[in-house]
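Working through the structure, step by step
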Amino acid sequence: MVIPNDAYGGTFRLFAKVVARWGVEWSVADTSDPAAVRAALTPKTKVVWVETPSNPLLGITDIAAVAQIARDAGARLVVDNTFATPYLQQPLALGADVVVHSLTKYMGGHSDVVGGALITSDADLGEELTFHQNAMGAVAGPFDAWLVLRGTKTLSVRMDRHSENAVKVADMLTRHARVTSVLYPGLPEHPGHEVAAKQMKSFGGMVSFRVEGGEEAAVEVCNRAKVFTLGESLGGVESLIEHPGRMTHASAAGSALEVPADLVRLSVGIENADDLLEDLQQALG
Ligand SMILES: Cc1ncc(COP(=O)(O)O)c(C=O)c1O
């Protein structure tokens, strides 16, 4: 399989430390470059896995382009759509074979449930996935299923507000003297901006940025934030801040998916935007 050079640390851990033991070989590609995906394919490739926007560097993959490349090679395209949600982006309509969601995040929306979903429009594949789900026991309990179902009722309004607030946060950070770069696909200067504008309704609530002063400075910003709570998760109504290198992506250290030490990741919530901007400004000092 081909996996992206930027992805949730646990996804990388699953491929590198679990699936690899079953004899599945994987190679890493910068999936924001369709030519790099084509170059990473081998005659054995069965799956191309992408995350767009990606965690935590907010890279954008052109889903339609990569779907075509995978199809031509007889491989299936899997898209982790957790950051975007089905409200902002529909990978199946763009040619993907399977969509993956962490339901724990925006779909649930309130940081009170853990779950995941696989979605496909291929009936045979769907049946096979259901067989494995039943055989392996990854079945949601009724209360968890109900919490996710309730979350979907407010998904659209939450995502609109997450995106609106994230645009304001990203804009403020681009003008802050201590911030060396802002990673947000809604910014016109983001290398994936045009593709994101084509395939997403708006740009979502995740924003990452790099801080002057390296790892210690990044950790200090996380610790000083007050409205943004320090936390590994994302996608809830409340704003969270974290240091990917030490937290969510610690398992990718030393690999092609290692993240910069001066990186801070924000899950921008639906609070009053002025409170969020003020909090980040005081945290940056
Ligand atoms: C993009 C992405 N996919 C999958 C997951 C895994 O989700 P869960 O924590 O629900 O297992 C995460 C978690 O952070 C994620 O960010």
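Residues numbered from 1 in each chain as written. Predicted model: local features only at pLDDT ≥ 70, side-chain atom pairs only at ≥ 80, totals over all residues.

**Thoughts on the nonpolar core**
Val 48, Val 66, Val 169, Val 207 and Val 264 are the most contacted members of the largest nonpolar core, which totals 72 residues. With six residues, the single largest contributor to this core is helix H8 (residues 155-174). Domain assignment of the residues forming this core places at least three in each of domain 1 (2-152) and domain 2 (155-284). When near neighbours in sequence (up to four residues on either side) are disregarded, Val 48 contacts Val 2, Val 37, Val 66, Ala 70, Ala 75 and Leu 77. (Core = buried A, V, L, I, M, F, W, Y, C linked by C-beta atoms within 7 Å. Buried ≥ 20, exposed ≤ 12 C-beta atoms within 10 Å, placed from the backbone. Helix = DSSP H or I, 4+ residues; strand = E, 2+ residues; numbered from the N terminus. Domains from an automatic or database assignment. Contact = placed C-beta atoms within 7 Å.)

**What to know about the sheet that holds strand E9 (residues 229-230)**
Overall, mixed pairing links the five strands, which are arranged E7-E8-E11-E10-E9 in an open sheet. Taken across any chain shown, the strands that pair with only one partner, and hence form the sheet edges, are strand E7 (179-183) and E9. Pairing geometry for strand E8 (residues 206-211) and strand E11 (residues 263-267), over five bridges, is antiparallel. What sits directly across from Arg 210, in E11, is Leu 263. On the sheet, helix H10 (residues 214-224) packs against E8, E9, strand E10 (240-242) and E11 and is oriented at approximately 25° with respect to E11. (Pairing = 2+ DSSP bridges. Axes fitted to C-alpha atoms, helices over the stretch in contact; angles between N-to-C directions.)

**Here we look at the domain arrangement of the chain**
Taken domain by domain, the chain comprises domain 1 (2-152) and domain 2 (155-284). Centre-to-centre separation of domain 1 and domain 2, based on C-alpha positions: 22 Å. Contact with domain 1, which involves 33 residues of that partner, is made by 36 residues of domain 2. At the level of elements, helix H1 (9-18), helix H4 (85-88), helix H5 (103-107) and helix H7 (142-152) are the ones that each hand at least two residues to the side of domain 1 that touches domain 2.

**Some remarks on unusual backbone geometry**
Residue Pro 53 follows Thr 52 across a cis peptide bond; omega there is -10°. If you trace the backbone, Pro 53 turns up in the loop between strand E3 (47-51) and helix H3 (63-72). Between Asn 55 and the following residue, Pro 56, the backbone shows a cis peptide bond with an omega angle of 10°. In this structure, Leu 58 is a non-glycine residue whose phi angle is positive, near 55°. Within the fold, Leu 58 resides in the loop between E3 and H3. A positive phi angle, close to 55°, is found at Ser 111, a residue other than glycine. Tracing the chain through its elements places Ser 111 in the loop between H5 and strand E6 (116-120). Among the residues examined, Ser 111 registers 19 C-beta atoms within 10 Å and is labelled partly exposed.

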